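Listed below are the residues making up each chain.
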Amino acid sequence: MIHRRAPHAPHRTAVALTATALTFTALLSTPLASAAKPGPGSGPGPDAAPRTGEIVRTDAGLVRGARSGAHRVFRGVPYAGAPKGRHRWAPPRPVQPWKGVRDATKPGPLCPQVPSAYAQISSTEEDCLALNVTTPPVADRHPRRAAPVLVWIHGDGSVGGGGFFDGRRLAERGLVVVTVNYRLGVFGGLALPSLRGSGTFGLQDQRAALTWVRNNARAFGGDPGNVTVAGVSFGASAVAGHLTSPASKGLFHRAVMASGEAVMDMPAGAMGPGVPGYPWYVWRTGREMEEITAEMTSTLGCRDRRPQRTLACLRALPVKTILKVPHIMNAFQAFGHGNATLPELPPKALRAGRFHRVPVLSGATLDEHRTFVGMLYDAVGRKFTEADYGRALRTAFGRAAAKRVRAEYPTSAFASPALAWATVITDRMWARGTHAQHDALSRHVPVYAYEFADRDAPMFLPLPGDFDFGAFHAGDIPYLFEDETAEPQFTPAQRRLSAAMSGYWAAFARTGTPGAGGLPAWPPHRPGPDADRPYATYTPYTQSLAPHRIGAVDYYREHNLAFWKHEAGSSKVVSE
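These remarks concern the structure in this document. Here the structure is a predicted model, which is why all the values come from computation and not from measurement.

What to know about the packing of helix α11 (residues 386-408) against helix α12 (residues 417-442)
So, step 1. Between α11 and α12, the shortest axis-to-axis distance is 9 Å and the interhelical angle comes to 40°. In terms of orientation, α11 and α12 fall into the oblique class. Note on packing geometry: the crossing formed by α11 with α12 is left-handed. For the pair α11 and α12, contact is made by E386, Y389, A392, L393, A396, F397 and V405 and by P417, A420, W421, V424, I425 and R428, respectively.
So, step 2. Taken together, the residues that form the contact of α11 with α12 break down as 11 nonpolar, no polar and two charged.

Observations regarding the state of the cysteines
So, step 1. If you walk through the whole model with that rule in mind, you get two disulfides.
So, step 2. There is a disulfide in this structure between C111 and C128, and the S-S distance comes to 2.1 Å. Across the S-S bond linking C111 and C128, the dihedral sits near 90°, which makes this disulfide right-handed. With C111 in the loop between β5 (101-103) and β6 (130-134) and C128 in the loop between β5 and β6, this pair connects stretches of sequence that are 17 residues apart.

Structural notes on the sheet that holds β5
Whether parallel or antiparallel, the strands of a sheet pair through hydrogen bonds between backbone atoms.
So, step 1. Read across the sheet, three strands follow the order β1-β2-β5 without closing on themselves; strand pairing throughout is mixed. The open sheet has two edge strands with one neighbour each: β1 (55-58) and β5. On average, each strand axis in the sheet is inclined to that of its neighbour by 35°, with strand direction left out of account.
So, step 2. In terms of strand pairing, β1 meets strand β2 (residues 61-64) through four bridges, oriented antiparallel. Counted as the bridge partner of I55 is R64 from β2.

Focus on the pairing of strand β9 (residues 222-232)
So, step 1. Judged by how many residues are buried, β9 sits mostly within the fold: nine of 11 residues are covered.
So, step 2. Taken together, the six bridges between strand β7 (residues 147-153) and β9 define a ladder with parallel strand orientation. Looking at β9, one finds that V151 is bridged to V229.
So, step 3. Bridging between β9 and strand β10 (residues 254-258) involves five bridges; their strand directions are parallel. Residue pairing across strands places V232 opposite A258, the latter belonging to β10.
So, step 4. One crossover worth recording links β9 to the parallel β10 by way of helix α5 (residues 234-244), and it is right-handed.

Some thoughts on the sheet that holds strand β14 (residues 447-452)
So, step 1. Taken together, the 11 strands give an open sheet; going across it, the order is β3-β4-β6-β8-β7-β9-β10-β13-β14-β15-β16, and neighbouring strands pair in mixed fashion. Of all strands in the sheet, those with a lone pairing partner are β3 (66-68) and β16 (549-552), marking the two edges. Sheet twist, expressed as the average angle between the axes of neighbouring strands with direction ignored, equals 20°.
So, step 2. Running at roughly 150° to β10, helix α13 (residues 492-511) makes contact with β7, β9, β10, β13 (360-365), β14, β15 (542-546) and β16 of the sheet.

Topic: the pattern of salt bridges
So, step 1. Inspection of every chain in the model, using the stated rule, returns 21 salt bridges.
So, step 2. Here R168 ties to D166 by a salt bridge, and the two come within 2.7 Å at their closest N and O atoms.
So, step 3. What makes R168 partly exposed here is its relative accessible area of 23%.
So, step 4. What you see here is one network of salt bridges that share partners, running through D367, R370, R455 and D468.

Some words on the environment of E54
So, step 1. Inspection of the secondary structure puts E54 in the loop between α1 (12-29) and β1.
So, step 2. E54 gets classed as buried once you look at its relative accessible area, which sits at 1%.
So, step 3. Taking the C-alpha atoms as reference points, E54 and F74, 20 residues apart in sequence, are found 8.5 Å from one another.
So, step 4. If we skip the residues at most four places from it in the chain, E54 touches V63, R64, G65, A66, R67 and F74.

What to know about the packing of aromatic side chains
So, step 1. For the structure shown, the criterion picks out 24 aromatic pairs.
So, step 2. Taken together, a centroid distance of 5.1 Å and an interplanar angle of 80° make the contact between F467 and F469 edge-to-face.
So, step 3. Aromatic pair Y504 and W522: ring centres 4.9 Å apart, planes at 90°, arrangement edge-to-face. With Y504 in helix α13 and W522 in the loop between α13 and β15, this pair connects stretches of sequence that are 18 residues apart.
So, step 4. For Y504, a relative accessible area of 0% corresponds to the buried category.
So, step 5. Taken together, the aromatic side chains of F397, Y409, F563 and W564 make up a single cluster linked through ring pairs.
So, step 6. Over the ring of F355 we find R357, and its NZ or CZ is 5.4 Å from the ring centre.

Details of the side chain of E451
So, step 1. Relative to the helices and strands, E451 is located in strand β14.
So, step 2. Buried within the structure, E451 lacks any salt-bridge partner; its nearest side chain of opposite charge belongs to R455, at an N-O separation of 7.9 Å.
So, step 3. Residue contacts for E451: discarding those within four places in its chain leaves A364, T365, L366, T542, Q543, S544, L545, V553, Y555, E558 and H559.

Description of the environment of G199
So, step 1. If you trace the backbone, G199 turns up in the loop between α3 (185-189) and α4 (201-216).
So, step 2. With relative accessibility at 1%, the residue G199 sits in the buried group.
So, step 3. For the pair G199 and G189, spaced 10 residues apart in the sequence, the C-alpha separation amounts to 4.1 Å.
So, step 4. Ignoring any residue separated from it by four or fewer positions in sequence, one finds G199 in contact with G188, G189, L190, A191, M289, A334, F335 and G336.

About the cut-offs
Residues numbered from 1 in each chain as written. Predicted model: local features only at pLDDT ≥ 70, side-chain atom pairs only at ≥ 80, totals over all residues. Heavy atoms only, no water. Axes fitted to C-alpha atoms, helices over the stretch in contact; angles between N-to-C directions. Helix = DSSP H or I, 4+ residues; strand = E, 2+ residues; numbered from the N terminus. Parallel < 35°, antiparallel > 145°, perpendicular 65-115°, else oblique. Left-handed = near helix turned anticlockwise from the far one by under 90°. Contact = heavy atoms within 4.5 Å. Nonpolar A, V, L, I, M, F, W, Y, C, P; charged D, E, K, R; others polar. Disulfide = S-S within 2.5 Å. Pairing = 2+ DSSP bridges. Buried < 20%, exposed > 50% of the residue type's maximum accessible area, 1.4 Å probe, protein only. Right-handed = clockwise from strand over helix to strand, strands pointing away. Salt bridge = Lys/Arg side-chain N within 4 Å of Asp/Glu carboxyl O. Phe/Tyr/Trp six-rings, centres within 6.5 Å; stacked < 30°, edge-to-face > 60°. Lys NZ or Arg CZ within 6 Å of the ring centre and 35° of its normal. Lys, Arg positive; Asp, Glu negative; His and termini not counted.

Below is the structure:
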């Protein structure tokens, strides 16, 4: 069943509702508890005497970092010029070289963003295209062997920054860890007719950061010939974009996608009442991105039938003025395709094998959608009722299919209607999309699939209601990047899981396989041999990651994907 919408009528209400849910994603894919505090390595100030080994020469000039224990940390290192004035909504440009030694001991500015109820961070600074580098312990560095490099792309796309991710845990495993800022929301996704780069400026920023890594990794002890690009949620979808983008070819040699949405659609109402369905969660056509731009900038007084005049007017506006438009950042949590950066719809390219052939480590969490159901309902004091469940099923699947789904997922089988609905969408949207992504990729490259299954993962946000979040969306990230809020809540078993996951990720970055000494084996995922009955006689391998068990899980059966394969045509989504 297809739900169509008028081609020139974007839903402002739907944008607002989707924005509420997607803002919460940022809080989980960006450790924000320490947002107001400098991260590790922020020690010496600009006038402090540098210690041995803390000054590094980049292609734009010298930078001085700081020691954090056995690590060297360099923060706020610019990788592209300031995208302001006539460079706002333009491809990233090279950094202007500087003289002397540039201080890299303090966090660089965040890219423009607005605070939310759960994330009280904001910025109006456009000179924000900077990255952070954490090196392995000094004693572990081999003078003649460069270290693998892991480049981290944070999630959400409308809030956050690379500086919130503490790379020391992965650097401890012998990696050079680079975390990146990129243009967010309207600043990364605005689109106008004939504007070069429309809908992809954030993606282009990430590519510029990867280019910087290729040119500068050796100065930090890293190997430019062994780069892993990794991301979570919106950042993982960006990684899929780079896999299919011709311009990103050769800039990375492995890819990691955590809770990515690259091959995922969105049934109507999945992200909240009134939110329409879409054929793709993060991908939009160029025309759709232009429609979003026209709708969201309509109150700024820049509308003109000549796109160049509209652009000049928007470029002249103060950042604060633009950010005052409600939901203007969340409305652009998508990437435009059909352009030079993304010539082809990425899921189509992945399925056809038209992508850069690199090994992939990819997975999701066991209870992805509990995040969104919890924050919209029970965890904020609004109970999701039996009646709500019925309405949600009918909205997503239509009346006839809703009866079949309800029979398959009766509320009597769950602790609450909210958990029933969260399981429906976790299986239908997240698991189905993740499985399709793994099948498409594994027909051409080695894929190592996982499921994060710690149902006691620390939920560190202050929410008033009672809700079982389980293994929630992006709940695995504090197990890889140190987080001062989640870390004290870890049990000994969770600390062991964190160590195991860090070991797997580092081994993959080093060799292209997650084989790590002393840890359970992790075979590759292989698609089923029969296209019509792919899993009748064969179970593709997925590694379950939980505190008391690491080993195989039948992902297809666990998430009821045979049922959803049969029901695939019943969801209400917008036609392309």
